[in-house]
Each structure stands twice: as structure tokens, then as C-alpha cells.
Amino acid sequence: TLAALDSFWQEVDTLLYGWVVGEYDHSLVAKKIVDYGIRNLVLFPDTGEILYSLLDEYTKSTLSVLHTRSMAEAVSRAAWKTEPWKIALLSCGSPSFSVWSGFVEKGNLFKDEVRKL
């Protein structure tokens, strides 16, 4: 996630984020959201809530945020909110085991929903 944000920071408008709970430093991602001016977040359990809690109140007030367990809802929201020619980045740093069986299922659901647009 950090490498993708660093690589595409000028184009990322929406971040779809959610990891399994573990020994990850989500504050690094929170800092990049602020530094890179990301405008939209789609947050999956369980760490989407952790990331959101790390953002200050000003940043929270400037973001469009969706908390969801649904990839269909996530992709629909990302398509609606992401500016034309900008990126909606799916964070696959972890498979989000609280929602999906693994990164393959998560990625395939994302691709399927994007194809439906």
C-alpha cells in the first residue's frame, strides 16, 4: 500500500483499505492520506476503523468515507467519487480475512465489480 501510494500519489483520489488486524503501523498510511491529499476512503473491517481513528478531526472532515463489508458497494462508491482520470486504489497489502477467504477472492471480486461498471 505504501509503495503504491508513493508511486501513484499524484493520481490516487480514492483508497480502498482494509487489512487483517496484526502488527502493522497504519499511521504510515494515515500520514500519506494527509500528505498526498487523498479525498475518498472506502474502509473494510477490521483495520479500516483503526486507520480512520488515526486521522485527525480536520482530515476526517475533508474526506468522503464509506465503511463497508461489500466489494460491490465499495467499487460503486469509488466509481462515483473518484475524479475522472484519477485512481481508485485497492489496497491488497493483506487479504482482509474478516471479510474474504484471501487476497485472491478479494482481488477477483474487485475485478468482477469493476467489469460491471
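Bear in mind that the values here come from a model prediction, so they are computed numbers and not experimental data.

Enquirer: Help me get a handle on the packing of aromatic side chains, residues and values and all.
Expert: Inspection of every chain in the model, using the stated rule, returns 1 aromatic pair. A cation over a ring is seen here: Lys60 above Tyr52, with NZ or CZ 4.7 Å from the ring centre. Across the ring face of Trp80, the terminal group of Lys81 is positioned such that the distance to the ring centre comes to 4.5 Å.

Enquirer: Got a sec to walk through the sheet that holds strand S4 (residues 87-90)? Specific residues and values, please.
Expert: Spatial ordering of the open sheet is given by S3-S2-S1-S4, a layout of 4 strands whose pairing is parallel. Each end of this open sheet is capped by a strand with a single partner; those strands are strand S3 (64-67) and S4. When the angles between neighbouring strand axes are averaged without regard to direction, this sheet yields 15°. Of the strand pairs in this sheet, strand S1 (residues 12-17) and strand S2 (residues 40-43) are connected by 4 bridges, and their pairing is parallel.

Enquirer: Account for helix H2 (residues 26-35), with residues named and values stated.
Expert: One turn of the α-helix equals 3.6 residues, which is why residues spaced by three or four share an orientation. For H2, the complete set of buried residues consists of His26, Val29, Ala30, Lys32 and Ile33. Projected down its long axis, H2 shows its buried positions confined to an angular sector of 160°, all on one face. Among the structural elements, helix H1 (2-8), S1, S2 and helix H3 (47-54) are those in contact with the buried residues of H2. One or two residues past the end of H2 sits Gly37, with phi positive at roughly 65°.

Enquirer: I'd like a description of the nonpolar core, backed by residues and values.
Expert: Judged by nonpolar contacts, the single largest core of 14 residues is most densely connected at Leu15, Val29, Ile33, Ile38, Leu41 and Leu51. Those elements that place two or more of their residues in this core are S1, H2 and S2. Those residues in contact with Leu41, other than ones at most four positions away along the chain, are Leu15, Ile33, Leu55, Leu63, Ser64, Val65 and Leu66. Residues Ala74, Ala78, Trp100 and Phe110 belong to the second largest nonpolar core, which totals 11 residues.

Rules and cut-offs
Residues numbered from 1 in each chain as written. Predicted model: local features only at pLDDT ≥ 70, side-chain atom pairs only at ≥ 80, totals over all residues. Heavy atoms only, no water. Phe/Tyr/Trp six-rings, centres within 6.5 Å; stacked < 30°, edge-to-face > 60°. Lys NZ or Arg CZ within 6 Å of the ring centre and 35° of its normal. Pairing = 2+ DSSP bridges. Helix = DSSP H or I, 4+ residues; strand = E, 2+ residues; numbered from the N terminus. Axes fitted to C-alpha atoms, helices over the stretch in contact; angles between N-to-C directions. Buried < 20%, exposed > 50% of the residue type's maximum accessible area, 1.4 Å probe, protein only. Arc of directions from axis to C-beta. Contact = heavy atoms within 4.5 Å. Core = buried A, V, L, I, M, F, W, Y, C linked by side-chain atoms within 4.5 Å.

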